[in-house]
Every structure is written in C-alpha cells, then in structure tokens.
Amino acid sequence: MKRIYLDHAATTPVDPAVVETMLPFFTEYFGNPSSVYTEGRGVKKSIEAARLQIAAAINADPREIYFTGSGSEADNWAIKGIAMKNQAKGKHIITSTIEHHAVLHTCEYLEKQGFEVTYLPVDEFGLISLDDLRNAIRKDTILVTIMFANNEIGTIEPIKEIGEIVKEKGIIFHTDAVQALGNIPVDVKDLNVDLLSISAHKIYGPKGIGALFIRKGVPIDNLIHGGAQERKKRAGTENTAEIVAFGKAAEMVTEHLEDNAAHMKKLRDLLIKGVMENIPQVRLNGHPEKRLPGNANFCFDYIEGESILLSLDIIGVAGSSGSACTSGSLDPSHVLLAIGLPAGVAHGSLRLSIGKHTTVEDINYVVDNLIQIIERLRKMSPINADCPIDDAVFDKAEHHHH
Amino acid sequence: MEYTDVVMENFTCPKHVGEIEGANGVGQVGSPACGDIMKIFLKINDDGIIEDASFKTFGCGAAVASSSMATDMIIGKSIEEAGKFKNSDVVDALGGLPAEKIHCSVLAAEAIQAAIEDYHNKKAQ
Ligand SMILES: Cc1ncc(COP(=O)(O)O)c(C=O)c1O
Ligand code: FES
C-alpha cells in the first residue's frame, strides 16, 4: 500500500541530493579534520563550506555557527551555557509553557540548581503576550528563551518584537528555530536574537546533527568539554558527513523556501477546510494565520488520538497526536493544556504536518478517510453531546504542569 | 510501540461494539492514569448467565482491543465466573500488551465488575 507521510514536524526524509553529498565522507573523505595532512585539510574545508551554507540560510556570519549533535543539544547548550556563564549577574530565566522538552526540561534542571524560571503562559492560539514578557523581566533576568515556531500546533511567536524588548533591557535572547527553518524566513540580524537552535532532520537532512548560532561576543560557557573542535567551543571529532549534509540541506530549503512554503500552505488550507467542513465537533488548534505552512492540528470531540493514529496507519497514513495515551508518560500534551484545552479534549488531538512532496491527492485521500474513521470511532465512544465526559475522571488524570 | 496481531485485529474489527437492547447490567469506569472511559453492557438471564455483552470505549488501541476481547470472553459465562475475571486474562488472550498499556486492560476488567454490580443492585431493588 502507498504510504502517505504526514508527520514532517517529527522528521523528514533525507533528500537524495543531500544523501549524495554526504556519502563520500564515509569512505573517500574520511580523514579527521584536525589532522594536518591532506586527508584532514580537505575535510576541514568541506566543513567550513557547510558552515557558510548554514550561515547564509539564517543570515549569520559563519564564525557564529557551531555544529552540535542535535537540536536538543543546541537548546541545552544555549540555556545551560548562558546560565552558567552569567549567574553572577542573576539567576532568573524567562521561557514559555509551550517550549519543546529540550528547553523545558533544561529549565527544570536549572531550577534544581538554584535558578529561577518564569514560564510565560500563552493565549488560546498559543501566542505569548509581550506585556507578560515585559512584566516578567527582572533585574536579575539573564536569559529569555522563546521558541520561534511550535512543533505541535505550529504557532509562530513574535520573535522580532520579543527580541526588541529583550535587547533594550540588555538581556540575552535565545530562540529554538528547529521548526522554523525551511518553513518561514529566519534572519538572525532582523530578529535581534543572540542564540538560535536548528536541526538538520527537520529540513530533509540527517538525524543527529544540529547547530547553535551564537552571536559574536555573547558570553557563554561550553557544554561539551574536550578537544579544540568548533573553535574550542564544542568538543568532539566532527560528524563530517552529516555536517556537509546539513549544509546542503540548509542551502536547498533556503533556495526553495518560497515555493515550498506556498505549496505546503495550499495543501494545509485544503486539509483544514476539508476537515472543518466535513467533520462535525472539531476544532483547529493553533493560530488561524500565524502558523507554520505545513502544520494542521485538530481536536475531535469524544474520541481518542491513538485510536485515530492506528486507524490512519492501517490505511497508510502517518500522523501524530498529543493524547495522553500516545505519550508513554500518560500525560496529555503540555502544549494543548497550555492553550487551555481540558485533558479530555486534548485526548482527541491529531497533528498532520505536510512536506514538500505531499500532493493534493494525498490530502483528498486523508480527508475522505478521516471522515469515516472519526465517525466509526465516535460510534464506539461512550461519550457524546448528551453524555459528556465525567470531568472528575479527567481531573484525577490530569498531571501538573507549569 | 508494539501491539500484537491479535490486538490489531481486535482494534480494527472489534467485536460487540455498541449498546445492547435490554441490558440489565451496565458499568462505566474511567482510568485515572490517562483519563479513558469504558462502558460495558451485559444481558444476564434468569439463570445468571451472561447471554450477551457489548462495550463502548473512549480510549487507545489497547483499550478498544481489551474491550472487544473481554466482552467476547465473558459471553456465555455465569456471573460468578465473570466475577473472577481479571485483567491478566485479557492480556493473555491478546498475546500481551506493552507495559504502559496494561492499565487499559484493567479498565476492561473493572468495567465488567461494575456492570455485574449494577446488575445485582438493580435486582436488589
Ligand atoms: C521545536 C523543537 N526543538 C527541538 C527539537 C529537537 O531537535 P533534535 O531532534 O534534533 O534533538 C525538536 C524536534 O524534535 C523541535 O521540534
Ligand atoms: S486508554 Fe489511554 S493509554 Fe490506553
């Protein structure tokens, strides 16, 4: 059966051109870039070329790009590195309630180390309020970290405006742009950000390679100690094959940004329209306009997300859900709770994220089948408009978040 | 996550979905773990035999499969036998469940006990 992959926010297939770029680095150009002889020097040059490609993709100077082992490492480095280096100035950090766990759990870790963290709430669309941010800033605030675009509901935060506020106060500003790159323009000069995290596997590159942009002069400690790689800031023999692959992938998504985004947006709107018009008792999560071009996130009343995912998988469609039942930890998505959804509603969530290869036929197939799947699962459900959820059960089930 | 073929069969084509007419024992339970809800309907005859059983479930694949399997297993049993029905019986019949999904089978066992209790309560009235 043909598979229709609609989980590009989770990861993307590596583009064949990217694979072609990286392959010779496993066998032919295998040298250690730190070595002085020819094999090493050649590889070193390729790494620097990739650094240039990444820098161009986000309008940075190549000397401000540091390769990491993942987007998660970039987030960890940015937050822990700034916290450690600047703790004499203050121990207060501001973030939001809808960050990726790579940011949230790092902040929680720092709280255990004596730092104080303010988690800004978001409105029903997932946007933080600039006034809340202004009010949260204190004399001892050393870092603000707010994501560029949310991985679950696709909401795009007002990064430029946040950057202006934060810069005025002389505070360091980090943004997790893992979901933004390749989907919306990312320009570190325009955005007033000091640090920015990105990851290759969301932009048709390989998994396990990321980068942190660190604006020149920003005081930060190292996270990974050891050798002198990455200009003494991030130890570890370079993952050359994936670094060149990341460079190529970044170049490609930047070159095709407008076309890809227009294509995804068209299909996303088709999907949203198809679902909202044909399926009763459904809500669209996230912002109607300020959202990633490939992101659609719905909640279907009275049914559970994993059941939807399994039903879709059977007919060849891959998607994801924020339901407690799919999380392993049995906690509903912290993002869906943060936008004010009761746990019972978050239960029926479905995220479908479109990619550059998704077609109109794919979307039509998904909408047609989803109508039947939802109907079938609702027939199986003990709850409906006349028999609503027993909130008491969910209150018990609801675990506590910020 | 790994579901066995039996789980997937019971999820894809669940048996005994819906409400049975003339059910004289109905039990609904909610899971404090993730918030799922399961409702079991029993039709018990004068000899105390479960003639028919059905379910409605708001939950994951394992919950649906457990409901399907559990209802199938208790049909034809006496309420005494069904009263001893445990979640491990469902898990075994399904060929196992992932560790984090065991609580879904507990829901099925509890819903059956709640339905039997409901039957006794109604009868006592
Ligand atoms: C917003 C966001 N931040 C960070 C990450 C982590 O990136 P990585 O998978 O490269 O560690 C992801 C993706 O998983 C993400 O969506
Ligand atoms: S019903 Fe929620 S995990 Fe199974």
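What counts as what
- Residues numbered from 1 in each chain as written.
- Chains lettered and ligands numbered in written order.
- Predicted model: local features only at pLDDT ≥ 70, side-chain atom pairs only at ≥ 80, totals over all residues.
- Heavy atoms only, no water.
- Buried < 20%, exposed > 50% of the residue type's maximum accessible area, 1.4 Å probe, protein only.
- Helix = DSSP H or I, 4+ residues; strand = E, 2+ residues; numbered from the N terminus.
- Pairing = 2+ DSSP bridges.
- Right-handed = clockwise from strand over helix to strand, strands pointing away.
- Salt bridge = Lys/Arg side-chain N within 4 Å of Asp/Glu carboxyl O.
- Axes fitted to C-alpha atoms, helices over the stretch in contact; angles between N-to-C directions.
- Near = heavy atom within 4 Å.
- Polar contact = N/O pair within 3.5 Å; in protein donor to acceptor, adjacent residues only side chain to side chain.
- Areas by Shrake-Rupley, 256 points an atom, 1.4 Å probe, with all protein chains shown as cover.
- Domains from an automatic or database assignment.
- Contact = heavy atoms within 4.5 Å.
- Buried area = accessible area lost by both parts, 1.4 Å probe.

## Re the pairing of strand β6 (residues 172-176) of chain A
All names here are of chain A.
Line of reasoning, step 1. By the criterion of burial, β6 is predominantly enclosed, with 5 of the 5 residues buried.
Line of reasoning, step 2. Here β6 shows no split at all, with Ile172, His174 and Asp176 on one side and Phe173 and Thr175 on the other all buried.
Line of reasoning, step 3. Here strand β5 (residues 141-145) runs beside β6; their pairing, made up of 3 bridges, is parallel. Across the sheet, residue Val144 finds its bridge partner in β6, namely Phe173.
Line of reasoning, step 4. Crossover β5 to β6 through helix α7 (residues 159-168) is right-handed.

## Observations regarding the pattern of salt bridges
Line of reasoning, step 1. One pass over the full model with this rule turns up 21 salt bridges over all chains.
Line of reasoning, step 2. The shortest N-O distance in the salt bridge between Lys56 of chain B and Glu19 of chain B comes to 4.0 Å. Of the two residues, Lys56 of chain B sits in strand β3 (residues 50-58) while Glu19 of chain B sits in the loop between α1 (5-12) and β1 (25-30), which places them 37 residues apart along the sequence.
Line of reasoning, step 3. Connected via shared salt-bridge partners are Glu48, Arg51 and Glu230 of chain A.

## Structural notes on the sheet that holds β3 of chain B
Residues and elements named next belong to chain B.
Line of reasoning, step 1. Across the sheet, 3 strands lie side by side as β1-β2-β3; this open sheet has antiparallel pairing. Each end of this open sheet is capped by a strand with a single partner; those strands are β1 and β3. For this sheet, the mean inter-axis angle between neighbouring strands, taken without regard to orientation, is 15 degrees.
Line of reasoning, step 2. Bridge count between strand β2 (residues 37-44) and β3: 8 bridges; the pairing is antiparallel.

## Examining the site of ligand 1
Residues and elements named next belong to chain A.
Line of reasoning, step 1. Taken together, 13 residues lie around ligand 1, and Ser72, Asp176, Gln179, Ser199 and Lys202 are the ones closest in.
Line of reasoning, step 2. His100 places a side-chain nitrogen or oxygen 3.5 Å from an oxygen atom of ligand 1.
Line of reasoning, step 3. Within the side chain of His201, a nitrogen or oxygen atom sits 2.8 Å from an oxygen atom of ligand 1.
Line of reasoning, step 4. For ligand 1, whose unbound accessible area comes to 380 Å², protein coverage reaches 88%.
Line of reasoning, step 5. Here the element with the most residues in the shell around ligand 1 is helix α4 (residues 71-86); it accounts for 3 residues.

## Points about the domain arrangement of chain A
All names here are of chain A.
Line of reasoning, step 1. In terms of domain boundaries, chain A breaks down into domain 1 (16-255) and domain 2 (257-396).
Line of reasoning, step 2. Placing the centre of domain 1 and that of domain 2 at their C-alpha centroids yields a distance of 29 Å.
Line of reasoning, step 3. Opposite the 30 residues of domain 1 that make contact, domain 2 presents 23 residues.
Line of reasoning, step 4. Interface of domain 1 and domain 2: buried area, both sides summed, is about 2,200 Å²; carbon and sulfur atoms make up 59% of it.
Line of reasoning, step 5. A per-residue breakdown of the area domain 1 buries against domain 2 is headed by Glu152, Ile153 and Tyr204, which together make up 31% of the total.
Line of reasoning, step 6. At the surface where domain 1 touches domain 2, the tally comes to 12 residue pairs in polar contact (both at pLDDT 80 or more).

## Structural notes on the environment of Glu19 of chain B
All names here are of chain B.
Line of reasoning, step 1. Overall, the relative accessible area of 57% leaves Glu19 in the exposed class.
Line of reasoning, step 2. In this structure the C-alpha to C-alpha distance between Glu19 and Ile40, which are 21 residues apart in sequence, comes to 8.4 Å.
Line of reasoning, step 3. Filtering out sequence-adjacent residues up to four positions away, Glu19 remains in contact with Phe41, Ser54 and Lys56.

## Focus: the sheet that holds strand β8 (residues 210-214) of chain A
Residues and elements named next belong to chain A.
Line of reasoning, step 1. Spatially, β2-β8-β7-β6-β5-β3-β4 is the arrangement adopted by the 7 strands of the open sheet, whose pairing is mixed. Both outer strands of the open sheet, β2 (65-68) and β4 (116-120), are each paired with one neighbouring strand and no more. Pairwise comparison of adjacent strand axes, ignoring direction, gives a mean angle of 20 degrees for this sheet.
Line of reasoning, step 2. Each of β2, β7 (195-199) and β8 is contacted by helix α3 (residues 38-58), which is oriented at about 110 degrees to β2, the strand it contacts most.
Line of reasoning, step 3. Packing of α7 onto the sheet brings it into contact with β5 and β6, and relative to β6 it is tilted by some 160 degrees.

## Thoughts on the interface of chain A and chain B
How big an interface is tends to be reported as the loss of accessible area on association of its parts.
Line of reasoning, step 1. If you look at the interface, chain A gives 27 residues, while chain B gives 30 residues.
Line of reasoning, step 2. Carbon and sulfur atoms supply 68% of the area buried between chain A and chain B, which totals about 2,200 Å² over both sides.
Line of reasoning, step 3. It is Leu330, Met380 and Pro382 of chain A that lose the most area in chain A upon contact with chain B, and together they represent 27% of the buried surface on that side.
Line of reasoning, step 4. Applying the counting criterion to the chain A and chain B interface returns 1 salt bridge.
Line of reasoning, step 5. Between Lys101 of chain B and Glu306 of chain A there is a salt bridge; the shortest N-O distance is 2.7 Å.

## Re unusual backbone geometry
All names here are of chain A.
Line of reasoning, step 1. Its identity as a non-glycine residue notwithstanding, Asn192 has a phi of 60 degrees, on the positive side.
Line of reasoning, step 2. Inspection of the secondary structure assignment puts Asn192 in the loop between α8 (188-191) and β7.
Line of reasoning, step 3. By relative accessible area, Asn192 is classed as buried at 15%.
Line of reasoning, step 4. At Arg231, a position not held by glycine, the phi torsion is positive, near 50 degrees.
Line of reasoning, step 5. Along the polypeptide, Arg231 turns up in helix α9 (residues 229-232).

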